[in-house]
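# Inside the fold
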Amino acid sequence: MNQDSLFCTMFGKAIDSEPLSSENLKKINEKLNLPIFLKELLHSDGFGGYADDFLWTCDPTYLMNFTQNAISSDYSAIPFMRTSFGDIIFYLRKDNTDIFHFCALNFRHRELVHLFNGSCEDFFNTILTEYGFLFHKLKINLDLYWFTFEKLGAADRNSCYGYITEPADGGKDCPENITKYIVSEYFEKASAMIKTPLGIHI
């Protein structure tokens, strides 16, 4: 793992991390053939939080429980990260090349959002380190995010923020409509609301 990478320099080691044994990482990698940068990050830090608890690396095999019926694509969607607002970040990869199509599943608006085409290392070191980029792409109001952060406290490994009534259902984008969920419960609730798999043009 290149500890001098911009991502590692900006965010340091993962917080509230869940250790990942070499054996379990090997099993995940044998199944999914993870990109080298991601595999080395998980080997170094396990599953944990970055960027003031906004980004969380997660077990892809766990996240796939909530994405496999929500995403329609000619390629396998491999989820590996979530935001503290319950978005799932994943990549599409064609024929085991080093070019990935990074996207996000935005449950609040029930849409897929294209983020970046390129290498995994470039995604971590450019897109994830560009302040405000994900907030803009995922339609998260920065002021509302920090207000929620102060009001409800940081999201941790087992929790995330979510809307009581999702904007896709007419819910308002305001503090009174946001609460803190157990992550698994939020994903079960939100993924169940996607009745038809979502597609994306990449």
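Predicted model only: the values in this text are computed from it and were never measured.

Conventions we followed
- Residues numbered from 1 in each chain as written.
- Predicted model: local features only at pLDDT ≥ 70, side-chain atom pairs only at ≥ 80, totals over all residues.
- Heavy atoms only, no water.
- Pairing = 2+ DSSP bridges.
- Helix = DSSP H or I, 4+ residues; strand = E, 2+ residues; numbered from the N terminus.
- Axes fitted to C-alpha atoms, helices over the stretch in contact; angles between N-to-C directions.
- Contact = heavy atoms within 4.5 Å.
- Buried < 20%, exposed > 50% of the residue type's maximum accessible area, 1.4 Å probe, protein only.
- Salt bridge = Lys/Arg side-chain N within 4 Å of Asp/Glu carboxyl O.

### Here we look at the sheet that holds strand 7 (residues 111-118)
Ordered in space as 1-2-3-4-5-6-7, the seven strands form an open sheet in which the pairing is antiparallel. Every interior strand has two partners, whereas the edge strands, strand 1 (15-18) and strand 7, have only one. Across the sheet, the mean angle separating the axes of adjacent strands is 25° when strand polarity is ignored. Against the sheet, helix 3 (residues 36-45) makes contact with strand 1, strand 2 (47-50), strand 3 (55-57), strand 4 (77-83) and strand 5 (88-93), and its axis sits at roughly 95° relative to strand 2, the strand it touches most. Against the sheet, helix 4 (residues 60-67) contacts strand 2, strand 4, strand 5 and strand 6 (100-106), and its axis sits at roughly 95° relative to strand 4.

### Examining the pairing of strand 5
Most of strand 5 is tucked away: six of the six residues are buried. With burial as the criterion, each face of strand 5 is covered, one bearing Ile88, Phe90 and Leu92 and the other bearing Ile89, Tyr91 and Arg93. As paired elements, strand 4 and strand 5 share five bridges and run antiparallel to each other. When the sheet's bridge partners are listed, isoleucine 78 is paired in strand 5 with tyrosine 91. Adjacent in sequence and paired antiparallel, strand 4 and strand 5 are bridged by four residues, among which glycine 86 carries a positive phi angle near 80°. Count of turn residues in the strand 5/strand 6 antiparallel hairpin: six residues, of which aspartate 95 carries a positive phi of about 55°.

### Here we look at the pairing of strand 2
Pairing analysis gives two bridges linking strand 1 to strand 2, with the strands arranged antiparallel. Within the sheet, the bridge partner assigned to isoleucine 15 lies in strand 2 and is glycine 49. In the sheet, strand 2 pairs with strand 3 via two bridges, with the strands oriented antiparallel. Directly across from tyrosine 50, in strand 3, lies its bridge partner leucine 55. Hairpin connection, strand 2 to strand 3: the antiparallel pair is bridged by four residues, and alanine 51 has positive phi, about 55°.

### A word on the pattern of salt bridges
Following the criterion strictly, the structure yields seven salt bridges and no others. The partner of lysine 13 in a salt bridge is aspartate 45, with the nearest N and O atoms 2.9 Å apart. Of the two residues, lysine 13 is situated in the loop between helix 1 (6-11) and strand 1 and aspartate 45 in helix 3; the sequence distance between them amounts to 32 residues. For aspartate 45, a relative accessible area of 9% puts it in the buried group. Here arginine 108 and aspartate 87 are joined by a salt bridge, their closest N and O atoms 2.9 Å apart. You can see arginine 108 sitting in the loop between strand 6 and strand 7 and its partner aspartate 87 sitting in the loop between strand 4 and strand 5, a full 21 residues away along the chain. Take aspartate 87: its relative accessible area is 0%, and that puts it in the buried class.

Keep in mind that these numbers describe shape and distance, not what the molecule does.
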